[in-house]
Amino acid sequence: MPGPGETDRGALVVIDMINTYDHEDAELLTPAAERVVPVLADLIGRARDAGVPVIYANDNFGLWRSHHGELVESALSRPHAGLVEPIRPDDASLFVVKARHSIFYDTPMSYLLWHLDVGTVILTGQVTEQCVLYSALDAHIRHLEVTVPRDAVASIHPHLAEAALEMMERNMGARILLAKEVDFQDAR
């Protein structure tokens, strides 16, 4: 079996979008999430249609429950359920609960990607200048190729998001593009 980065197979990773939006900075994040959700819903649909794995990596809201259903139900019961419903996991989606910023920190993500023979992660979700950036770095040091559709990530501080995208591209060799440019036929 090829090692990390030795295969072109991709996975779409949706970071922290199953969210209650009742946290600090939510007022700054919500408008960006509103712009991203339709783009992300289309991207998720295209990935599913192409047979590309869709992996949700999500904070646990401090609840320390490992069942993703509880996190989804909690988010759907809050005022911003409209930001979750269009992108909710389906029965084929994979789900990794994370406790910190990176999708890799103390999670089974590395093993899951290896098991799926994934060499490229397509990172989407929130927050560009935090969880997406740290996840991109951790993917890079694991020799995974990184793609970030700039219109499928939400930020709290746009100027920091632009800097984060530039750092991912320049320092990690990430492909920064638009969601419509993601070719899932090459990622299978």
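Check the entry above for the structure.
So, here's what we can say about the structure. As the structure is a prediction and not an experimental result, all values here were calculated from the model.

What follows concerns unusual backbone geometry. That bond from Gln-126 to Val-127 is cis: its omega, 5 degrees, falls within 30 degrees of zero. Looking at where Val-127 falls in the secondary structure, it is placed in the loop between β4 (120-126) and α4 (128-141). Positive phi outside glycine occurs at Asp-16, with the angle close to 55 degrees. Along the chain, Asp-16 falls in the loop between β1 (10-15) and α1 (26-50). We classify Asp-16 as buried; its relative accessible area is 5%.

This paragraph deals with the packing of aromatic side chains. Any two aromatic rings considered together are summarised by their centre-to-centre distance and by the angle between their planes. Using the criterion set out here, one finds two aromatic pairs in the structure. Considering the side-chain rings of Tyr-56 and Phe-95, the 6.2 Å spacing of their centres and the 10 degrees angle between planes classify their relative orientation as stacked. With Tyr-56 in strand β2 (residues 54-59) and Phe-95 in strand β3 (residues 94-98), this residue pair connects regions lying 39 residues apart in the sequence. Ring centres 5.4 Å apart and planes at 40 degrees place the aromatic pair Tyr-111 and Trp-114 in the tilted group. One end of the pair is Tyr-111 and the other is Trp-114, both in helix α3 (residues 109-115) and three residues apart, which spans about a single turn. The class for Tyr-111 is exposed, based on a relative accessible area of 53%.

Let's shift gears to the nonpolar core. Among the nonpolar cores identified, the biggest contains 35 residues, and Leu-12, Val-14, Ile-18, Leu-40, Leu-43, Ile-44 and Phe-184 are the most heavily contacted of them. Every element with two or more residues in this core is listed here: β1, α1, β2 and α2 (68-76). A per-element tally of this core places α1 first, with eleven residues. Once residues within four sequence positions are removed from consideration, Leu-40 is found in contact with Val-14, Met-17, Ile-87 and Thr-124. In this structure, Val-96, Val-118, Cys-131 and Leu-144 belong to the second largest nonpolar core, which totals 30 residues.

It is worth spelling out the layout of surface pockets at this point. Counted as a void, the largest pocket has a volume near 390 Å³. Lining the largest pocket are 19 residues, with Asp-16, His-23, Asp-59, Gln-130 and Cys-131 positioned closest to its centre. Residues that form the lining of the largest pocket fall into these classes: six nonpolar, seven polar and six charged. Of the volumes computed, that of the second largest pocket is approximately 240 Å³. Taken together, 13 residues form the lining of the second largest pocket, with Thr-120, Thr-147, Arg-175, Asp-183 and Asp-186 sitting closest to its centre. Looking at which element gives the most residues to the lining of the second largest pocket, the answer is strand β5 (residues 145-149), with three residues. Of the residues belonging to the lining of the second largest pocket, the class tally is four nonpolar, three polar and six charged.

To continue, consider a negative patch on the surface. On the surface, a cluster of negative charge is contributed by Asp-8, Glu-145, Asp-183 and Asp-186. Inspection of the secondary structure assignment puts Asp-186 in the segment after β7 (175-177). In this structure Asp-186 comes out as exposed when scored by relative accessible area, which is 58%.

With respect to the helices, strands and loops of the structure, Leu-113 is situated in helix α3. Not counting residues up to four positions away in its chain, the partners in contact with Leu-113 are Ala-11, Ile-55, Phe-104, Val-118, Val-121 and Leu-144.

Turning our eyes to something else, we now look at the pairing of β1. Among the six residues in β1, six count as buried, and that is most of the element. Neither face of β1 is open: one carries Gly-10, Leu-12 and Val-14, the other Ala-11, Val-13 and Ile-15, and all of them are buried. For β1 and β4, the ladder comprises six bridges, and the chain directions are parallel. Opposite Ala-11, over in β4, you have Val-121 as the bridge partner. Bridging between β1 and β2 involves four bridges; their strand directions are parallel. Within β2, the position partnered with Leu-12 by the bridge is Val-54. Crossover β1 to β2 through α1 is right-handed.

Analysis parameters
- Per-chain numbering applies: the sequence of each chain, read as written, is numbered from 1 onward.
- At least 70 in pLDDT is required for a residue's local features to be given in this predicted model, at least 80 for side-chain atom pairs to be given and counted, and no such filter applies to totals for whole chains, interfaces and linings, which use all residues.
- Side-chain metrics in this entry use all non-hydrogen atoms of the structure; hydrogen atoms and water are not considered.
- Each helix corresponds to a stretch of at least 4 residues labelled H or I by DSSP, and each strand to a stretch of at least 2 residues labelled E; elements are numbered beginning at the N terminus.
- Whether a residue is buried, partly exposed or exposed follows from its accessible area with a 1.4 Å probe, protein chains only, as a fraction of its type maximum: under 20%, in between, or over 50%, in that order.
- Two aromatic rings, drawn from Phe, Tyr or Trp (for Trp, its six-membered ring), form a pair once their centres lie within 6.5 Å of each other, and the interplanar angle then sorts them: stacked below 30 degrees, edge-to-face above 60, tilted otherwise.
- We define a nonpolar core as any set of buried Ala, Val, Leu, Ile, Met, Phe, Trp, Tyr and Cys residues linked to one another through side-chain atoms lying within 4.5 Å.
- Every residue pair with non-hydrogen atoms within 4.5 Å of one another is taken to be in contact.
- Buriedness of a pocket was judged along seven lines, with at least five required to meet protein on both sides within 12 Å; pockets are open sets of points on a 1 Å grid over the protein atoms alone, cavities are sets where a 1.4 Å probe fits but cannot get out, and lining residues have an atom within 4 Å of a point.
- Grid points are joined across faces, edges and corners, and a volume is the space filled by probe spheres set on the points.
- In this classification, the charged set is Asp, Glu, Lys and Arg, the nonpolar set is Ala, Val, Leu, Ile, Met, Phe, Trp, Tyr, Cys and Pro, and all remaining amino acids, among them Gly, are polar.
- The residues that make up patches have over 30% relative accessible area and no salt bridge, and they are joined within 9 Å when like-charged or within 5 Å when they are Val, Leu, Ile, Met, Phe, Trp or Tyr.
- Each accessible area is a Shrake-Rupley result for a 1.4 Å probe, and residues are judged covered by the shown protein chains and nothing else.
- By definition here, a salt bridge exists when the distance from a side-chain nitrogen of Lys or Arg to a carboxyl oxygen of Asp or Glu is within 4 Å.
- Asp and Glu are treated as the negative residues and Lys and Arg as the positive ones, with His and the ends of the chain left uncounted.
- Throughout, a charge is located at the NZ atom of Lys, the CZ atom of Arg, the CG atom of Asp or the CD atom of Glu.
- Only strands joined by at least two bridges in the DSSP assignment are considered to pair.
- If the strands point away from the viewer and the path from the first strand over the helix to the second runs clockwise, then the crossover is right-handed.

It is worth stressing that arrangement in space is one thing and function is another; only the former is reported here.
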